[in-house]
Amino acid sequence: MPHRPTAVFALSERARQEAFPVPVLDRLRRLVRLDPAVTFTTFDSPAARAALADAEILISGWGAPRIDSGVLAAAPRLRAVVHAAGTVKRHVDEAVFEHGIVVTSAAQANALPVAEFTMAALTLGAKAAFTRARRYAAPRPAGGWPADRGPGLLGSTIGIVGASRIGRLVLERLRDIDATVLLADPHVTASQARSLGAELRDLDTLCAHSDLLSLHAPALPETRHLLDARRLALLPDGAVVINTARGALIDTAALVAECVTGRISALLDVTDPEPLPTDHPLFALDNVFITPHLAGAEGPEVRRLGEFATAEIARFLRGDPLRGRIHLDHLAWIA
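Note that the structure is a prediction, hence the values are computed from the model and not measured. (Residues numbered from 1 in each chain as written. Predicted model: local features only at pLDDT ≥ 70, side-chain atom pairs only at ≥ 80, totals over all residues. Heavy atoms only, no water.)

1. Here's the deal with the environment of Thr223
Okay, so step 1: Along the chain, the position of Thr223 falls in the loop between strand 8 (212-215) and helix 11 (229-234).
Okay, so step 2: Look at Thr223 and you get buried, because its relative accessible area is 10%.
Okay, so step 3: Between the C-alpha atoms of Thr223 and Arg246, which are 23 residues apart in sequence, the distance is 9.8 Å.
Okay, so step 4: Ignoring any residue separated from it by four or fewer positions in sequence, one finds Thr223 in contact with Pro218, Ala248 and Leu249. (Helix = DSSP H or I, 4+ residues; strand = E, 2+ residues; numbered from the N terminus. Buried < 20%, exposed > 50% of the residue type's maximum accessible area, 1.4 Å probe, protein only. Contact = heavy atoms within 4.5 Å.)

Given below as C-alpha coordinates:
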(Lines give C-alpha, C1' and ligand atoms only; values in the text may rest on other atoms or scores of the structure.)
Protein backbone atom coordinates (compact mmCIF):
# COMPACT_ATOMS: atom_id res chain seq x y z
CA MET A 1 0.00 0.00 0.00
CA PRO A 2 1.45 3.42 -0.97
CA HIS A 3 2.66 5.61 1.84
CA ARG A 4 0.03 8.13 2.91
CA PRO A 5 1.66 11.18 4.46
CA THR A 6 0.31 12.67 7.65
CA ALA A 7 -1.67 15.87 7.15
CA VAL A 8 -3.01 18.38 9.67
CA PHE A 9 -5.82 20.90 9.24
CA ALA A 10 -4.86 24.48 10.17
CA LEU A 11 -7.97 26.58 9.57
CA SER A 12 -11.23 27.43 11.28
CA GLU A 13 -13.72 24.65 11.87
CA ARG A 14 -16.29 26.47 9.75
CA ALA A 15 -13.82 26.78 6.88
CA ARG A 16 -13.01 23.09 7.22
CA GLN A 17 -16.66 22.08 7.06
CA GLU A 18 -17.41 24.30 4.05
CA ALA A 19 -14.28 23.48 2.05
CA PHE A 20 -14.20 19.78 2.87
CA PRO A 21 -17.72 18.35 2.96
CA VAL A 22 -17.95 14.57 3.24
CA PRO A 23 -17.37 13.66 -0.46
CA VAL A 24 -14.29 15.90 -0.66
CA LEU A 25 -13.04 14.77 2.73
CA ASP A 26 -13.36 11.15 1.65
CA ARG A 27 -11.17 11.80 -1.40
CA LEU A 28 -8.65 13.64 0.77
CA ARG A 29 -8.44 10.81 3.29
CA ARG A 30 -7.60 8.36 0.53
CA LEU A 31 -4.50 10.47 -0.10
CA VAL A 32 -3.35 11.36 3.42
CA ARG A 33 -3.68 10.29 7.02
CA LEU A 34 -5.45 12.92 9.09
CA ASP A 35 -8.00 13.30 11.84
CA PRO A 36 -10.85 15.34 10.29
CA ALA A 37 -12.17 16.21 13.74
CA VAL A 38 -8.97 18.07 14.65
CA THR A 39 -8.17 21.48 13.25
CA PHE A 40 -5.97 24.24 14.65
CA THR A 41 -6.26 28.02 14.55
CA THR A 42 -3.22 28.38 16.81
CA PHE A 43 -0.09 26.28 17.19
CA ASP A 44 0.50 27.20 20.83
CA SER A 45 -1.24 24.26 22.50
CA PRO A 46 0.46 20.95 23.42
CA ALA A 47 -1.96 19.14 21.09
CA ALA A 48 -0.96 21.37 18.17
CA ARG A 49 2.73 20.86 18.88
CA ALA A 50 2.24 17.11 18.99
CA ALA A 51 0.39 17.19 15.67
CA LEU A 52 3.10 19.35 14.08
CA ALA A 53 5.77 16.84 15.06
CA ASP A 54 4.29 14.28 12.64
CA ALA A 55 2.86 16.61 10.00
CA GLU A 56 4.14 16.26 6.45
CA ILE A 57 1.39 18.41 4.92
CA LEU A 58 -0.39 21.38 6.49
CA ILE A 59 -3.80 22.07 4.99
CA SER A 60 -4.54 25.69 5.79
CA GLY A 61 -7.39 28.03 4.96
CA TRP A 62 -9.46 30.85 6.41
CA GLY A 63 -8.56 31.31 10.06
CA ALA A 64 -5.13 29.70 9.64
CA PRO A 65 -2.43 30.61 12.16
CA ARG A 66 0.80 32.11 10.84
CA ILE A 67 3.37 29.54 9.78
CA ASP A 68 6.79 30.89 10.74
CA SER A 69 10.21 29.64 11.80
CA GLY A 70 8.88 28.63 15.23
CA VAL A 71 6.26 26.42 13.62
CA LEU A 72 8.86 24.93 11.29
CA ALA A 73 11.06 24.05 14.25
CA ALA A 74 8.13 22.07 15.68
CA ALA A 75 7.39 20.42 12.32
CA PRO A 76 10.63 18.76 11.16
CA ARG A 77 8.85 16.48 8.67
CA LEU A 78 6.83 19.21 6.95
CA ARG A 79 7.02 19.07 3.14
CA ALA A 80 4.09 21.13 1.91
CA VAL A 81 1.61 23.83 2.89
CA VAL A 82 -1.60 23.52 0.86
CA HIS A 83 -3.85 26.55 1.31
CA ALA A 84 -7.55 25.87 0.67
CA ALA A 85 -8.24 29.58 0.17
CA GLY A 86 -6.81 32.54 -1.74
CA THR A 87 -3.79 34.55 -0.70
CA VAL A 88 -1.06 33.07 1.50
CA LYS A 89 0.56 36.45 2.03
CA ARG A 90 -0.60 36.98 5.60
CA HIS A 91 0.00 33.54 7.06
CA VAL A 92 3.03 31.98 5.32
CA ASP A 93 6.36 33.42 6.44
CA GLU A 94 9.33 33.73 4.09
CA ALA A 95 11.08 31.10 6.22
CA VAL A 96 8.70 28.47 4.86
CA PHE A 97 9.99 29.01 1.33
CA GLU A 98 13.60 29.27 2.50
CA HIS A 99 13.28 25.80 4.06
CA GLY A 100 12.31 24.38 0.67
CA ILE A 101 8.74 23.62 1.68
CA VAL A 102 6.25 23.58 -1.18
CA VAL A 103 3.49 26.19 -0.89
CA THR A 104 0.36 26.13 -3.01
CA SER A 105 -2.97 27.95 -2.82
CA ALA A 106 -6.48 27.62 -4.22
CA ALA A 107 -6.49 31.22 -5.41
CA GLN A 108 -7.38 30.04 -8.92
CA ALA A 109 -10.53 28.36 -7.62
CA ASN A 110 -11.44 31.43 -5.58
CA ALA A 111 -10.93 33.63 -8.65
CA LEU A 112 -13.87 32.09 -10.50
CA PRO A 113 -16.72 33.48 -8.35
CA VAL A 114 -14.99 36.87 -8.23
CA ALA A 115 -14.83 36.95 -12.02
CA GLU A 116 -18.50 35.95 -12.21
CA PHE A 117 -19.38 38.70 -9.73
CA THR A 118 -17.34 41.21 -11.72
CA MET A 119 -19.17 40.36 -14.92
CA ALA A 120 -22.49 40.84 -13.15
CA ALA A 121 -21.25 44.18 -11.79
CA LEU A 122 -20.15 45.28 -15.26
CA THR A 123 -23.53 44.34 -16.73
CA LEU A 124 -25.55 46.05 -13.99
CA GLY A 125 -23.19 49.01 -13.82
CA ALA A 126 -23.51 49.57 -17.55
CA LYS A 127 -27.29 49.74 -17.08
CA ALA A 128 -26.96 52.12 -14.12
CA ALA A 129 -29.14 49.50 -12.44
CA PHE A 130 -28.45 50.37 -8.82
CA THR A 131 -28.86 54.11 -9.24
CA ARG A 132 -32.09 53.65 -11.17
CA ALA A 133 -33.41 51.07 -8.67
CA ARG A 134 -33.01 53.51 -5.79
CA ARG A 135 -34.77 56.23 -7.75
CA TYR A 136 -37.52 53.79 -8.71
CA ALA A 137 -38.26 53.23 -5.02
CA ALA A 138 -38.40 56.95 -4.29
CA PRO A 139 -41.52 59.15 -4.67
CA ARG A 140 -42.38 59.69 -8.35
CA PRO A 141 -41.37 63.13 -9.62
CA ALA A 142 -44.18 65.26 -11.04
CA GLY A 143 -42.48 65.38 -14.42
CA GLY A 144 -42.17 61.60 -14.68
CA TRP A 145 -39.10 59.39 -14.66
CA PRO A 146 -35.71 61.01 -15.16
CA ALA A 147 -34.32 60.61 -18.65
CA ASP A 148 -31.01 59.10 -17.53
CA ARG A 149 -30.23 55.69 -18.97
CA GLY A 150 -27.28 53.37 -18.59
CA PRO A 151 -25.30 52.98 -21.81
CA GLY A 152 -25.20 49.16 -21.61
CA LEU A 153 -22.21 47.04 -22.52
CA LEU A 154 -22.74 47.06 -26.28
CA GLY A 155 -20.17 49.34 -27.87
CA SER A 156 -18.77 50.46 -24.54
CA THR A 157 -15.10 50.77 -23.61
CA ILE A 158 -14.16 48.59 -20.65
CA GLY A 159 -10.89 49.15 -18.82
CA ILE A 160 -9.33 46.26 -16.91
CA VAL A 161 -6.58 47.21 -14.46
CA GLY A 162 -4.41 44.17 -13.78
CA ALA A 163 -4.07 40.89 -15.68
CA SER A 164 -4.27 38.89 -12.47
CA ARG A 165 -5.95 35.48 -12.25
CA ILE A 166 -9.28 37.23 -11.83
CA GLY A 167 -8.45 39.89 -14.41
CA ARG A 168 -7.68 37.21 -16.98
CA LEU A 169 -10.91 35.34 -16.26
CA VAL A 170 -12.83 38.59 -16.76
CA LEU A 171 -10.94 39.28 -20.00
CA GLU A 172 -11.83 35.79 -21.19
CA ARG A 173 -15.53 36.45 -20.59
CA LEU A 174 -15.38 39.84 -22.26
CA ARG A 175 -14.43 38.20 -25.56
CA ASP A 176 -18.14 37.49 -26.06
CA ILE A 177 -19.06 41.14 -25.54
CA ASP A 178 -19.11 43.58 -28.48
CA ALA A 179 -17.03 46.16 -26.63
CA THR A 180 -13.59 47.72 -26.73
CA VAL A 181 -11.45 46.23 -23.97
CA LEU A 182 -8.40 48.07 -22.64
CA LEU A 183 -5.81 46.62 -20.27
CA ALA A 184 -3.32 48.37 -18.00
CA ASP A 185 -0.65 46.16 -16.47
CA PRO A 186 3.07 47.00 -16.32
CA HIS A 187 3.99 43.31 -16.52
CA VAL A 188 2.11 42.60 -19.75
CA THR A 189 3.36 43.29 -23.29
CA ALA A 190 1.20 44.61 -26.12
CA SER A 191 1.23 41.21 -27.83
CA GLN A 192 0.26 39.45 -24.60
CA ALA A 193 -2.60 41.91 -24.14
CA ARG A 194 -3.82 41.18 -27.66
CA SER A 195 -3.74 37.46 -26.92
CA LEU A 196 -6.00 38.22 -23.94
CA GLY A 197 -8.42 40.09 -26.18
CA ALA A 198 -7.44 43.58 -25.03
CA GLU A 199 -5.52 46.64 -26.14
CA LEU A 200 -2.63 47.58 -23.83
CA ARG A 201 -2.73 51.15 -22.53
CA ASP A 202 -1.01 53.07 -19.77
CA LEU A 203 -3.26 53.63 -16.78
CA ASP A 204 -3.89 57.33 -17.44
CA THR A 205 -5.02 56.63 -21.01
CA LEU A 206 -7.17 53.73 -19.86
CA CYS A 207 -8.87 55.96 -17.28
CA ALA A 208 -9.52 58.69 -19.83
CA HIS A 209 -11.30 56.33 -22.23
CA SER A 210 -13.13 53.79 -20.04
CA ASP A 211 -16.89 53.83 -19.65
CA LEU A 212 -16.44 51.05 -17.11
CA LEU A 213 -13.23 50.47 -15.16
CA SER A 214 -12.66 47.27 -13.18
CA LEU A 215 -9.77 46.85 -10.74
CA HIS A 216 -7.88 43.54 -10.48
CA ALA A 217 -4.49 44.59 -9.08
CA PRO A 218 -2.83 43.45 -5.82
CA ALA A 219 -2.50 45.69 -2.76
CA LEU A 220 1.15 46.75 -2.74
CA PRO A 221 2.88 49.94 -1.58
CA GLU A 222 3.14 51.03 -5.22
CA THR A 223 -0.54 50.33 -5.94
CA ARG A 224 -1.93 52.18 -2.92
CA HIS A 225 -4.37 54.83 -4.20
CA LEU A 226 -3.73 53.71 -7.77
CA LEU A 227 -6.96 55.55 -8.53
CA ASP A 228 -6.23 58.88 -6.87
CA ALA A 229 -7.96 62.22 -7.37
CA ARG A 230 -6.04 62.94 -10.57
CA ARG A 231 -6.88 59.62 -12.22
CA LEU A 232 -10.49 59.64 -11.08
CA ALA A 233 -10.82 63.08 -12.67
CA LEU A 234 -9.64 61.57 -15.98
CA LEU A 235 -12.66 59.25 -16.14
CA PRO A 236 -15.35 60.27 -18.63
CA ASP A 237 -18.64 61.63 -17.30
CA GLY A 238 -20.94 58.73 -16.48
CA ALA A 239 -18.10 56.26 -15.98
CA VAL A 240 -18.49 53.39 -13.51
CA VAL A 241 -15.66 52.20 -11.24
CA ILE A 242 -15.83 48.57 -10.06
CA ASN A 243 -13.55 47.28 -7.32
CA THR A 244 -13.55 43.59 -6.37
CA ALA A 245 -9.81 43.58 -5.61
CA ARG A 246 -8.51 45.58 -2.63
CA GLY A 247 -9.99 48.72 -1.10
CA ALA A 248 -6.67 50.57 -0.84
CA LEU A 249 -6.38 50.71 -4.63
CA ILE A 250 -8.77 53.68 -4.53
CA ASP A 251 -8.33 56.93 -2.60
CA THR A 252 -11.65 56.81 -0.76
CA ALA A 253 -11.79 60.55 -0.06
CA ALA A 254 -11.16 61.31 -3.73
CA LEU A 255 -13.86 58.82 -4.75
CA VAL A 256 -16.34 60.50 -2.43
CA ALA A 257 -15.52 63.88 -3.96
CA GLU A 258 -16.19 62.59 -7.50
CA CYS A 259 -19.25 60.48 -6.72
CA VAL A 260 -21.01 63.13 -4.63
CA THR A 261 -21.25 65.28 -7.76
CA GLY A 262 -22.97 62.43 -9.61
CA ARG A 263 -20.35 62.62 -12.37
CA ILE A 264 -19.23 58.98 -11.94
CA SER A 265 -20.60 55.92 -10.17
CA ALA A 266 -18.99 53.11 -8.20
CA LEU A 267 -19.69 49.46 -7.39
CA LEU A 268 -17.48 48.40 -4.49
CA ASP A 269 -17.10 44.96 -2.95
CA VAL A 270 -14.01 46.15 -1.05
CA THR A 271 -13.35 49.48 0.64
CA ASP A 272 -10.68 51.38 2.54
CA PRO A 273 -11.17 51.14 5.44
CA GLU A 274 -13.02 47.85 5.51
CA PRO A 275 -15.70 47.88 6.66
CA LEU A 276 -16.63 51.51 6.21
CA PRO A 277 -18.20 53.26 9.19
CA THR A 278 -21.99 52.98 8.97
CA ASP A 279 -22.30 56.76 8.63
CA HIS A 280 -19.79 56.98 5.78
CA PRO A 281 -20.97 59.35 3.01
CA LEU A 282 -20.60 56.67 0.30
CA PHE A 283 -23.53 54.77 1.79
CA ALA A 284 -25.81 57.75 1.25
CA LEU A 285 -25.13 58.15 -2.47
CA ASP A 286 -27.58 56.76 -5.04
CA ASN A 287 -24.73 56.23 -7.52
CA VAL A 288 -22.62 54.06 -5.18
CA PHE A 289 -23.41 50.42 -4.44
CA ILE A 290 -21.38 48.67 -1.73
CA THR A 291 -21.34 44.98 -0.87
CA PRO A 292 -19.54 43.41 2.14
CA HIS A 293 -16.57 41.70 0.44
CA LEU A 294 -18.72 38.84 -0.82
CA ALA A 295 -17.47 38.35 -4.38
CA GLY A 296 -15.21 35.43 -3.45
CA ALA A 297 -16.31 31.90 -2.66
CA GLU A 298 -19.18 31.65 -0.18
CA GLY A 299 -21.40 28.84 1.07
CA PRO A 300 -21.42 25.87 -1.33
CA GLU A 301 -18.87 27.66 -3.54
CA VAL A 302 -16.22 27.14 -0.84
CA ARG A 303 -16.26 23.45 -1.75
CA ARG A 304 -14.33 24.40 -4.88
CA LEU A 305 -11.43 25.47 -2.68
CA GLY A 306 -11.32 22.12 -0.89
CA GLU A 307 -11.61 20.27 -4.18
CA PHE A 308 -8.72 22.29 -5.60
CA ALA A 309 -6.58 21.67 -2.50
CA THR A 310 -7.34 17.94 -2.60
CA ALA A 311 -6.43 17.72 -6.28
CA GLU A 312 -3.28 19.72 -5.57
CA ILE A 313 -2.22 17.24 -2.88
CA ALA A 314 -2.77 14.40 -5.35
CA ARG A 315 -0.56 16.19 -7.88
CA PHE A 316 2.08 16.81 -5.21
CA LEU A 317 2.17 13.17 -4.21
CA ARG A 318 2.45 12.05 -7.84
CA GLY A 319 5.21 14.54 -8.51
CA ASP A 320 3.11 16.37 -11.11
CA PRO A 321 3.30 20.15 -11.66
CA LEU A 322 1.16 22.09 -9.20
CA ARG A 323 -1.49 24.46 -10.53
CA GLY A 324 -1.40 26.79 -7.51
CA ARG A 325 2.34 26.77 -6.67
CA ILE A 326 3.53 29.90 -4.89
CA HIS A 327 7.22 30.87 -4.89
CA LEU A 328 9.01 33.28 -2.56
CA ASP A 329 9.29 36.00 -5.20
CA HIS A 330 5.50 35.88 -5.66
CA LEU A 331 4.97 37.38 -2.19
CA ALA A 332 6.07 40.78 -3.46
CA TRP A 333 3.20 41.09 -5.94
CA ILE A 334 0.35 38.73 -5.06
CA ALA A 335 -2.76 40.17 -3.41
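2. Topic: the packing of helix 6 (residues 107-126) against helix 8 (residues 165-174)
Okay, so step 1: Helix 8 packs onto helix 6 with a crossing angle of 50° between their chain directions and a minimal axis gap of 8 Å. The angle between helix 6 and helix 8 falls in the class oblique. Pair helix 6 / helix 8 crosses with right-handed handedness. Here helix 6 contributes Ala107, Gln108, Ala111, Leu112, Val114, Ala115, Thr118, Met119 and Leu122 to the contact with helix 8, which in turn contributes Arg165, Ile166, Leu169, Val170, Arg173 and Leu174. (Axes fitted to C-alpha atoms, helices over the stretch in contact; angles between N-to-C directions. Parallel < 35°, antiparallel > 145°, perpendicular 65-115°, else oblique. Left-handed = near helix turned anticlockwise from the far one by under 90°.)

3. Some words on unusual backbone geometry
Okay, so step 1: The amide bond that connects Asp272 to the next residue, Pro273, takes the cis arrangement and shows omega of 0°.
Okay, so step 2: Relative to the helices and strands, Pro273 resides in the loop between strand 10 (265-268) and strand 11 (288-290).
Okay, so step 3: Cis rather than trans, the peptide bond between Glu274 and Pro275 has omega equal to 0°.
Okay, so step 4: With a phi close to 50°, His293 is a non-glycine residue in the positive phi region.
Okay, so step 5: Inspection of the secondary structure assignment puts His293 in the loop between strand 11 and helix 13 (303-318).

4. Notes on the nonpolar core
One broad rule of soluble globular proteins: the nonpolar side chains tend to lie buried together.
Okay, so step 1: Counting 29 residues, the largest nonpolar core has Leu213, Leu227, Leu232, Leu235, Leu255, Ile264 and Leu282 as the members making the most contacts within it.
Okay, so step 2: Of all the secondary-structure elements, those providing two or more residues to this core are strand 6 (180-184), helix 10 (203-209), strand 8, helix 12 (252-259) and strand 10.
Okay, so step 3: Per element, the largest residue contribution to this core is four residues, and it comes from helix 12.
Okay, so step 4: Not counting residues up to four positions away in its chain, the partners in contact with Leu213 are Gly159, Val161, Leu206, Cys207, Leu227, Leu235, Val240, Val241 and Ile242.
Okay, so step 5: Judged by nonpolar contacts, the second largest core, of 27 residues, contains Phe20, Ala80, Ala297 and Leu322. (Core = buried A, V, L, I, M, F, W, Y, C linked by side-chain atoms within 4.5 Å.)

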